[in-house]
Amino acid sequence: MMKRGLGAEEWLRRTLGIAVVVGVAVIALGWDTRFLAQFNFLNTAGAEQKLIDQLARPPSQPSGAAAPANASMAPSLTGATHWLNSAPLSMEGLHGKVVLVDFWTYSCINCLRTLPYVKAWAEKYRDQGLVVIGVHTPEFSFEKEQKNVEQAIRELGVTYPVAMDNQYTI
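Attention here is on the structure that accompanies the text. Computed from a prediction, not measured in an experiment: that's the story for all the values here. (Residues numbered from 1 in each chain as written. Predicted model: local features only at pLDDT ≥ 70, side-chain atom pairs only at ≥ 80, totals over all residues. Heavy atoms only, no water.)

Glancing now at the overall build of the chain. Check the secondary structure of the chain and you find 5 helices and 4 strands. N-terminal to C-terminal, the α/β element order of the chain is α-α-α-β-β-α-β-α-β. Relative to its full complement of 170 residues, the chain shows a buried share of 25%. For the chain, the share of sequence-separated contacts (at least 6 apart) that also reach a separation of at least 24 residues comes to 78%. (Helix = DSSP H or I, 4+ residues; strand = E, 2+ residues; numbered from the N terminus. Buried < 20%, exposed > 50% of the residue type's maximum accessible area, 1.4 Å probe, protein only. Contact = heavy atoms within 4.5 Å.)

By size, the foremost hydrophobic cluster in this structure holds 18 residues, and its most contacted members are I153 and Y160. Looking at this core, the elements that each hand over two or more residues are helix 4 (109-125), strand 3 (130-136), helix 5 (146-156) and strand 4 (162-164). With 5 residues, helix 4 is the single largest residue contributor to this core. Excluding residues within four positions of it along the chain, I153 makes contact with L84, N85, W104, V158 and V162. L77, M91, I133 and A163 belong to the second largest nonpolar core, which has 10 residues in total. (Core = buried A, V, L, I, M, F, W, Y, C linked by side-chain atoms within 4.5 Å.)

This paragraph deals with the pattern of salt bridges. In total, this model carries 4 salt bridges according to the counting rule given. Of the charged contacts, one joins E9 and R13 as a salt bridge, the two residues approaching to 2.8 Å between their closest N and O atoms. Of this pair, E9 and R13 are both found in helix 1 (residues 8-28), 4 residues apart, which corresponds to roughly one turn of the helix. By relative accessible area, which is 59% here, E9 ends up exposed. On the accessibility criterion, R13 (47% relative accessible area) is partly exposed. Among the salt bridges present, the one from E10 reaches R14, with a minimum N-O distance of 3.5 Å. Placement of the pair is E10 and R14 together in helix 1, with a separation of 4 residues, close to one helical turn. (Salt bridge = Lys/Arg side-chain N within 4 Å of Asp/Glu carboxyl O.)

We now examine the pairing of strand 2 (residues 98-104). Where strand 2 lies against strand 3, 7 bridges are found, and the strand directions are parallel. From the neighbouring strand, V101 faces strand 3, where its bridge partner is I133. This β-α-β element, strand 2 to helix 4 to strand 3, shows right-handed connectivity. (Pairing = 2+ DSSP bridges. Right-handed = clockwise from strand over helix to strand, strands pointing away.)

What follows is about the side chain of D102. Among the secondary structure elements, D102 is positioned in strand 2. Here D102 is buried and forms no salt bridge, its nearest opposite-charge partner K119 lying at an N-O distance of 11 Å. (Lys, Arg positive; Asp, Glu negative; His and termini not counted.)

We now examine the packing of aromatic side chains. One pass over the structure, following the stated rule, counts 2 aromatic pairs. Look at Y106 and F142: their rings are 6.3 Å apart centre to centre, the planes differ by 65°, and that puts the pair in the edge-to-face class. Note that Y106 is positioned in the loop between strand 2 and helix 4 and F142 in the loop between strand 3 and helix 5, a separation of 36 residues in sequence. Overall, Y106 belongs to the buried group, its relative accessible area being 16%. On the accessibility criterion, F142 (40% relative accessible area) is partly exposed. Ring geometry for F140 against F142: centres 5.7 Å apart, planes inclined by 5°, an arrangement best described as stacked. Judged by its relative accessible area of 42%, F140 falls in the partly exposed class. Through a chain of ring-to-ring contacts, three or more aromatic side chains come together here, namely Y106, F140 and F142. (Phe/Tyr/Trp six-rings, centres within 6.5 Å; stacked < 30°, edge-to-face > 60°.)

Dropping the structure here:
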């Protein structure tokens with residue numbers, strides 16, 4: 001007896017299988033992060049501007065009230081084993097500035113997914129006083145190699161200061 005053609009269910013199963021294989025290849029090659037970085041599905045410009053406006057406004061306090069003490073201190077940056085894209089920075093030298101500290105590592109997919117946003121903020125708000133510092137905190141031993149981190153920040157286009165925190169002190 002001759003075998004009949006494939007049924008709709010079998011074609012659907014094969015098509016979905018091919019789609020899964022293509023999806024795995026796209027993720028493995030890193031094409032998904034490059035593609036997603038090109039699109040802003042969620043426009044954050046309005047929220048960013050609202051936050052800037054709120055930070056620029058002096059806090060309302062009853063007359064004669066003392067300014068609140070600094071409730072939390074930023075971590076010290078003195079534990080960095082190397083600094084890339086900058087001379088060593090200190091929190092004392094950054095006093096009074098708005099500082100974004102991004103803890104990341106170059107082979108972490110979650111870090112790579114947020115990197116386009118951090119780079120965009122660094123560029124967009126640099127002239128308004130924002131200082132972005134990347135703290136490269138390795139997960140694996142090969143990420144502790146300075147030449148590997150230097151190559152990664154070159155390839156990823158990271159231009160802001162990066163502190164290598166190989167001893168996890170920051």
